[in-house]
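Spelled out from the first residue to the last, the chains are:
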Amino acid sequence: MTSRKSVLVAGGTGVVGRAVVAELSRRGHTVTVLSRSGAGGARADVSTGDGLDAAMTGIGTVVDTTNITTFSGTRAARFFTAATTNLLAAARRAGTGHHVLLSIVGIDRVPNPYYAAKLRQEAVVEAGDVPWTIVRATQFHEFAAQMITRTSAGPFVLAPRLPVQPVATAEVAAALADAVERGPSGRAPDVGGPQREDLADLMRRELRFQGSRRLLVPFRMPGGYGRAAREGGQLLHGDDVRRGGPSFAEWLAGRTK
Ligand SMILES: NC(=O)c1ccc[n+]([C@@H]2O[C@H](COP(=O)([O-])OP(=O)(O)OC[C@H]3O[C@@H](n4cnc5c(N)ncnc54)[C@H](OP(=O)(O)O)[C@@H]3O)[C@@H](O)[C@H]2O)c1
């Protein structure tokens, strides 16, 4: 017997996953957190499928916020394809009625190996036989800090000058919780923050907030990725979008170290 109110958040210990768990709990859902660490919930590995059947028992909806941090397109594709294939197979066996996937705005406009892997992940969900919703979000406010970690080299931090429209994870979590409550809906409106920013500038402000003395090295991203992103490929487009939450400046002002 599955319950619409019972939600499994795969990756529920991650940057956005934690916000999703908090929002669903606040709305009265029974939430199970899934990660490899098992912190505060179920220990399972979406890459291998180990532990998924036990975690899926009694679950009505799965929200997938798992992630792999890599610049390798091959590794990203292997991870996202296996994760979704394994989650959908376990959902089918358990009779889980709704798979909600978090994806990224602009992955079909901007050529990037990680984005290509997310597109393939979306395709696996769409071709699967578990009813689904896909919510695409722009970069999180936390993305500036994630980028600093990924592009630091000694005292230097490489910072691409690219337009982004960063959003608070609480806003993305609200959109995902709405998707859970609405039931399977296919592609939901894209979610993004209130204004356009420059990624290198966000990284500079994040470094200042951290009190870091590392040196920011802004650069113009070459190639097709840089071109498509500079043309606004990662920003919200059209009217059928969900734009809101605090700006980066408001979010930073409310943060404690
Ligand atoms: N970052 C952004 O700006 C952004 C913007 C839009 C969309 N997204 C999408 O949002 C999703 C989450 O991103 P994030 O930055 O929040 O990720 P994150 O902080 O790296 O968190 C990843 C989560 O996945 C879990 N995980 C990783 N490998 C796993 C495995 N093999 N089995 C089970 N759990 C696993 C991690 O826990 P353990 O390590 O303990 O397993 C953690 O809970 C991704 O799909 C990403 O593409 C991100």
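The structure reproduced in this document is the subject of the present report. In this text the structure is predicted, and so the values were computed from the model without any measurement.

## Remarks on the nonpolar core
Consideration 1: Counting 24 residues, the largest nonpolar core has Val-20, Val-172 and Leu-176 as its most contacted members.
Consideration 2: Secondary structure elements with two or more residues in this core: β1 (3-10), α1 (15-26), β5 (98-104), β6 (132-137) and α6 (169-182).
Consideration 3: Of all the elements, α6 adds the most residues to this core, at 7 residues.
Consideration 4: Apart from the residues lying within four places of it in its own chain, the contact partners of Val-172 are Val-16, Leu-102, Ala-137, Phe-140, Val-167 and Val-191.
Consideration 5: Residues Ala-10, Leu-34, Met-56 and Phe-79 belong to the second largest nonpolar core, which totals 23 residues.

## With respect to α1
Consideration 1: Over its 12 residues, α1 runs 18 Å from end to end, which matches the ideal 16 Å to within 8%, given 1.5 Å per residue.
Consideration 2: Within the sequence span of α1, burial applies to Val-16, Gly-17, Ala-19, Val-20, Val-21, Glu-23 and Leu-24.
Consideration 3: With its phi angle positive at about 95°, Gly-28 sits one or two positions after the end of α1.

## What about the sheet that holds strand β7 (residues 152-153)?
Consideration 1: Strand order in the open sheet made by the 3 strands is β7-β8-β13, with mixed pairing throughout. With partners counted over all chains shown, the strands left at the sheet margins are β7 and β13 (215-219), one partner each.
Consideration 2: Pairing analysis gives 2 bridges linking β7 to strand β8 (residues 156-160), with the strands arranged antiparallel. The residue of β8 that forms the bridge with Ala-153 is Phe-156.

## Side note on the side chain of Thr-151
Consideration 1: You can see Thr-151 is positioned in helix α5 (residues 143-151).
Consideration 2: A polar contact of 2.7 Å, which involves the side chain of Thr-151, links it to the backbone oxygen of Leu-158.
Consideration 3: Leaving out residues up to four positions away in the same chain, Thr-151 has contacts with Phe-156, Val-157, Leu-158 and Met-203.

Cut-offs used in this document
- Residues numbered from 1 in each chain as written.
- Predicted model: local features only at pLDDT ≥ 70, side-chain atom pairs only at ≥ 80, totals over all residues.
- Heavy atoms only, no water.
- Core = buried A, V, L, I, M, F, W, Y, C linked by side-chain atoms within 4.5 Å.
- Buried < 20%, exposed > 50% of the residue type's maximum accessible area, 1.4 Å probe, protein only.
- Helix = DSSP H or I, 4+ residues; strand = E, 2+ residues; numbered from the N terminus.
- Contact = heavy atoms within 4.5 Å.
- Expected span 1.5 Å × (residues − 1).
- Pairing = 2+ DSSP bridges.
- Polar contact = N/O pair within 3.5 Å; in protein donor to acceptor, adjacent residues only side chain to side chain.

Geometric values such as these leave the question of function open.
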